[in-house]
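Single-letter residue listing:
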Amino acid sequence: MSQVNLVEKKADELPGVNARTSTTKLSKAKAIVFKITLVTALAISASTYFVKRPLNGSTVGTLENGIDLCPQVGELVPEKNGVIWESLQHVYSTEEFKTRAIDWLGGAVRIPTETFDDMGDVTEPVWEKFLPLHDYLKDSFPLLHSNLELTKVNTYGLLYVWKGSNSALKPLLLAAHQDVVPVLETTIDEWQHPPFSGYFDGESLWGRGSCDDKSGLIGIMSAVESMLENGFKPTRTVVIASGFDEEVSGIRGASSLATEMIERFGENAFTMLLDEGSGYGEVYGRVIAVPAIAEKGTLNVHIKVTSPGGHSSLPPPHTSIGMLAELLVQYEKNPFETHLTRGSPTYRNAQCMAQYAPGISSSLKEHMLHAEHCDKALRAAEEELFKDRTFMSLVGTTQAIDLVDGGVKVNALPEQAWAIVNHRISTESSIAAIKVRDIELLKSLADDFNLSYTAFGSYVSNEDAPSYGTLTLSTAFGDGLEPAPVTPSGEDAAPFRLLSGTIKAAYNSHRNISGSDAIIVSPGIMSGNTDTRFYWKLTDHIFRYGHLEAAGGGSLPSGVHTVNEAISINSFVGMIGFYTTLVLNVDESSLP
């Protein structure tokens, strides 16, 4: 079999994905470039390292003994829906559409939808701030609202259903939230443009929610409205779920939407789910997109110390605050032991960087090439990778002392003091493991201070023994959240491969380029949590990805959750193109 025929066969064998970059949809020149790219990727030596080099001569990929550390698919261009796709790609490239995109997103940003921790039930008037946004969406996207079925869930949650012609196919679920984090009054003067102005400076649109996450909500709706304008009628049902309190844990919005969808569609009813997440950007000299296939868990541990009060002129050796301080120092002196685990999302990400990023050191490349089967190489790679504190934090369980309180008066001994430690739990750990570790961590100090020790409802010390005071560990702000199930992303994971090909097609089309190497797709992990925490039962294929350009690939754009949040309109238009490509690709795929 010739190498070209082998390429065509390999492309056709992708599960759930058809090889659509044929000369019927692309120019002959583009088809040739595509085939040459894949031939280059497949023409490897079975016994030596192979280094693939682009036209500029820089190293972009390394294979060990013919084994691809970071398998890539080609760009996935819609075929059955190709006419609509090509038409819309042209529309999206016009100045007229850019103006529409500015108006759509700017109008949404100008409606403040801040959420706070203490807003109470949805019956409280404070939640009515979402009604103007709902009116705006209805006026701005008339075709969407006349063609999609809308159900309001728990008053302000939005559930849109775009019914497809084939009810046997599992729907595609797209998610985005309506609320934004608050803007502190004391920081307003630090904004280059007012935080709810939706101001466009000729390049970027400014304001709270422009990135997180009104760009996601408006991007999805802009894509749907544009497809409807071009006469698209889906074969596969598309569902849009929009919560309204994601920034305060989603307990009213996404939680209620999940219940509604389970009742209406059932468990594991969706072919795949896409929600907000990181995007793409240059990492060590290579543009890499990082859809998150997992999220860390979380646990807040409340540490409370009590001891006798009295006048501060007659102090004991240790006050409640002093003992608490020692306990907190014990935490910071003993961070969680962190190791890179084979097969984890961060390990997969490191493999992709080692194979494709030219800026990665030769020693790290070498270590990662052997890490799959050599513990020494894995530990050596880990040592290099962990020089980057951000990467190390993504790999392991972290802890941060975020809240502390104690004492009421300068001349009164504090009868109690407390602190809260926030844990972000790695995909290889659990809430139970964190509790066991924290209990053991503080036991010796509890004994030293003669404190009666209770942890998570159980006695650790002898409850009948005399003590000077008490030490109590308990959960705060709920019982915690286990790490999310890891979405399949291997070579037989059709939804991930479809998403990867879609990312490449959208990236290339927006830049009027072709080929599979302009952007690399790597699995990753979210350090925080999204509304998907409530959607685990709906599908095994959950992705957190926003297709926004940001420094560092898997990082979030600057200004998110702080001052000067802004989005490049060029990036936002590319985002609309991505959602369009995804809907069309999933619609014609052989996914269940």
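Residues numbered from 1 in each chain as written. Predicted model: local features only at pLDDT ≥ 70, side-chain atom pairs only at ≥ 80, totals over all residues. Heavy atoms only, no water.

As annotated in an unreviewed UniProt entry, the protein is Peptidase M20 dimerisation domain-containing protein from Suillus fuscotomentosus.

A. Local environment of the packing of helix α4 (residues 95-109) against helix α5 (residues 131-140). The contact between α4 and α5 brings their axes to 10 Å, and the two run at 165°. With respect to α5, the element α4 is oriented roughly antiparallel. As α4 packs across α5, the resulting crossing turns out to be right-handed. Note on element contacts: α5 touches α4 through Leu133, Tyr136 and Ser140, opposite Asp103, Trp104, Gly107 and Ala108. (Axes fitted to C-alpha atoms, helices over the stretch in contact; angles between N-to-C directions. Helix = DSSP H or I, 4+ residues; strand = E, 2+ residues; numbered from the N terminus. Parallel < 35°, antiparallel > 145°, perpendicular 65-115°, else oblique. Left-handed = near helix turned anticlockwise from the far one by under 90°. Contact = heavy atoms within 4.5 Å.)

B. Summary view of the environment of Ala551. Summarising the element assignment, Ala551 is placed in the loop between β19 (542-549) and β20 (566-568). Taking relative accessible area as the criterion, Ala551 reaches 69% and is therefore assigned exposed. Taking the C-alpha atoms as reference points, Ala551 and Val283, separated by 268 residues in sequence, lie 7.7 Å from one another. (Buried < 20%, exposed > 50% of the residue type's maximum accessible area, 1.4 Å probe, protein only.)

C. Expanded view of the sheet that holds strand β16 (residues 469-475). Sheet architecture is open: six strands sit in the order β12-β13-β11-β16-β14-β15, paired in mixed fashion. A single partner strand is all that each edge strand has here, and the edge strands are β12 (398-406) and β15 (458-459). Pairing analysis gives eight bridges linking β12 to strand β13 (residues 416-425), with the strands arranged antiparallel. Looking at the pairing, Gly406 lines up with Ala417 of β13. Running over the sheet, helix α14 (residues 431-448) touches β11 (297-306), β12, β13, β14 (451-455) and β16 and is turned about 180° from β14. (Pairing = 2+ DSSP bridges.)

D. Expanded view of the packing of helix α3 (residues 82-92) against helix α16 (residues 569-588). Orientation of α3 relative to α16, taken along the N-to-C sense of each, is 175°, at an axis distance of 10 Å. Considered as vectors, α3 and α16 are oriented roughly antiparallel to each other. Contact residues: α3 offers Ile84, Trp85, Leu88, Gln89 and Tyr92, while α16 offers Val573, Ile576, Gly577, Thr580, Thr581 and Leu584. Its residues assigned to classes, the contact of α3 with α16 comprises seven nonpolar, four polar and no charged. (Nonpolar A, V, L, I, M, F, W, Y, C, P; charged D, E, K, R; others polar.)

E. Broad picture of the state of the cysteines. Counted under the stated rule, the structure contains one disulfide. Shown here is the disulfide that connects Cys70 with Cys352, its sulfur atoms set 2.0 Å apart. Residues Cys70 and Cys352 share a disulfide whose torsion about the S-S bond is about 85°; that sign makes it right-handed. Here the residue Cys70 occupies a position in the loop between β2 (61-63) and α3, and Cys352 occupies one in helix α10 (residues 345-356), the gap between them amounting to 282 residues. For the pair Cys70 and Cys352, a shared accessibility class is recorded, and that class is buried. (Disulfide = S-S within 2.5 Å.)

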